[in-house]
Amino acid sequence: MKVTLVSLRPTLAAEEAGRPALTPELLAATGARYSRNNEGLESILARIDPSQPDKSVDSIFKMVDYGHASIADMAPVAMFLDGISMWLAYLVWAQVPTAGGQESSTRYLRLTSEDLLSADELGIPSGLRGVWRRQMEMALDAYDEALEWWQEVGDEEPERTRIPAVLLEDESDKATKQVARMKRNYAFDRARYFLPAALRTNMMLMMSARSWVQLCQWLLSHPMPEAQRLGAAVVAELGLSAPRLLRHATERPAWSAALHEELRAASEDQRAHFTDKAYLEFM
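Values in this document were obtained by computation on a predicted structure and should not be read as measured data.

Novice: Explanation requested: the packing of helix 7 (residues 129-156) against helix 9 (residues 173-191) in the structure shown.
Specialist: For any two helices packed against each other, the geometry is given by the interaxial angle and the distance between the axes. Look at helix 7 against helix 9: their axes get within 8 Å of each other, and the N-to-C directions meet at 140°. Taken as axis vectors, helix 7 and helix 9 run oblique relative to one another. When you trace helix 7 past helix 9, the crossing you get is right-handed. Along its contact with helix 7, which presents Tyr143, Ala146, Leu147, Trp150, Gln151, Val153, Gly154 and Asp155, the element helix 9 presents Lys183, Tyr186, Ala187, Phe188, Arg190 and Ala191. Here the contact of helix 7 with helix 9 is built from residues that sort into nine nonpolar, two polar and three charged.

In structure tokens, the structure reads:
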């Protein structure tokens, strides 16, 4: 797992036009200053010391603690989250449904057992690791079988792929490669539903510093170790962009209690359906 902050920089055209470029916190503080006076942008920017942009934040507006936490909504932050499980990506997307971003798509990628996180990384109980491993292998075998089947469908009945006839009839090297790629993606798109959520994926998120803090609070409160590791990694990177918000990016006891109860209830529900012996016999 690796989390990387990616900062924005002004375009060449913006620099040539003499437009200002601000750090995320400076941008938020400058915008927040608008709510207290009508002095205009140039007057606010005059308070900035170019050699100390971070120190200049508080000379413009006291971040967050001055009043509204919504000030942090004006501090944009982009991060790339490499090597997290598809399961954790699902949970993160559920927490930040309005964030901008992308995820490595199983519609275009072939995944194998090498992309599987370890049982230790996911926090699988030691007594269930053998069963868990067999489940993962079964799912990946089903994926491989489905992928092979859909590839045969694409080759034998290319009209099902909806690839334009003009491409199928084109014998040029470029068209041949394009058709092969489209057939491959056609198979990936239909076989991917067998992929286990314990496989690695990468995701990029672009959202406000306030949203990142709220996500960190949720991750650090979660009972699953992978979520906690991601929360800690995000906090470290957020400190490079919005350090004044870090003291808010901590575990929330009430959230932690609720999430632990949710996990406990889900575990009991599973035990009601499968005893350990019956489950092992099923496997």
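Here the narrative resumes.
Novice: Would you mind showing me how to read the pairing of strand 2 (residues 76-85) here?
Specialist: Within a regular strand, side chains alternate between the sheet's two faces. Among the 10 residues that make up strand 2, seven are buried, leaving the element largely enclosed by the rest of the structure. Inspection of the sheet shows strand 1 (residues 2-6) paired to strand 2 by five bridges, in the antiparallel sense. Residue pairing across strands places valine 3 opposite leucine 81, the latter belonging to strand 2. Pairing analysis gives eight bridges linking strand 2 to strand 4 (residues 200-208), with the strands arranged antiparallel. Directly across from alanine 78, in strand 4, lies its bridge partner methionine 206.

Novice: Can you help me understand the packing of aromatic side chains in this one?
Specialist: For any two aromatic rings, the description comes down to two numbers: the centre-to-centre distance and the angle of the planes. Here the structure, examined in full by the defined rule, presents two aromatic pairs. The interplanar angle of 90° and the centroid separation of 4.8 Å between the aromatic rings of tryptophan 149 and tryptophan 150 together place this pair among those described as edge-to-face. The partly exposed category is assigned to tryptophan 150, whose relative accessible area is 24%. Relative to tyrosine 186, the ring of tryptophan 150 lies with its centre 5.8 Å away and its plane at 80°, an arrangement referred to as edge-to-face. Taken together, the residues tryptophan 150 in helix 7 and tyrosine 186 in helix 9 connect sequence positions 36 residues apart. Members of the aromatic cluster, connected to one another through ring pairs, are Trp149, Trp150 and Tyr186. It is arginine 190 that lies over the ring of tryptophan 150; its NZ or CZ is 5.9 Å from the centre. One residue, arginine 252, lies across the ring of tryptophan 255, its end atom 4.9 Å from the ring centre.

Novice: Can you help me understand helix 11 (residues 225-241) in this one?
Specialist: Each full turn of the α-helix corresponds to 3.6 residues, which orients residues three or four apart in the same direction. Taking 1.5 Å per residue, 17 residues should reach 24 Å; helix 11 reaches 25 Å between its end C-alpha atoms and fits that length. Looking only at helix 11, the buried set comprises Glu226, Ala227, Leu230, Gly231, Val234, Val235, Glu237, Leu238 and Ser241. Check the buried side of helix 11 and you find it contacts strand 1, helix 2 (24-33), strand 2, helix 5 (86-95), helix 6 (119-122) and helix 10 (209-221).

Novice: It is not clear to me how the pattern of salt bridges should be interpreted in this structure. Could you clarify?
Specialist: Opposite charge on two side chains permits pairing when their charged atoms draw close. Enumeration over the complete set of coordinates arrives at 13 salt bridges. Put simply, arginine 160 and glutamate 157 hold a salt bridge, and the shortest N to O gap is 2.7 Å. The partly exposed category is assigned to glutamate 157, whose relative accessible area is 29%. A salt bridge links arginine 192 to aspartate 189; the nearest nitrogen and oxygen atoms lie 2.9 Å apart. The exposure classification of arginine 192 matches that of aspartate 189, with both residues buried.

Rules and cut-offs
Residues numbered from 1 in each chain as written. Predicted model: local features only at pLDDT ≥ 70, side-chain atom pairs only at ≥ 80, totals over all residues. Heavy atoms only, no water. Axes fitted to C-alpha atoms, helices over the stretch in contact; angles between N-to-C directions. Helix = DSSP H or I, 4+ residues; strand = E, 2+ residues; numbered from the N terminus. Parallel < 35°, antiparallel > 145°, perpendicular 65-115°, else oblique. Left-handed = near helix turned anticlockwise from the far one by under 90°. Contact = heavy atoms within 4.5 Å. Nonpolar A, V, L, I, M, F, W, Y, C, P; charged D, E, K, R; others polar. Buried < 20%, exposed > 50% of the residue type's maximum accessible area, 1.4 Å probe, protein only. Pairing = 2+ DSSP bridges. Phe/Tyr/Trp six-rings, centres within 6.5 Å; stacked < 30°, edge-to-face > 60°. Lys NZ or Arg CZ within 6 Å of the ring centre and 35° of its normal. Expected span 1.5 Å × (residues − 1). Salt bridge = Lys/Arg side-chain N within 4 Å of Asp/Glu carboxyl O.

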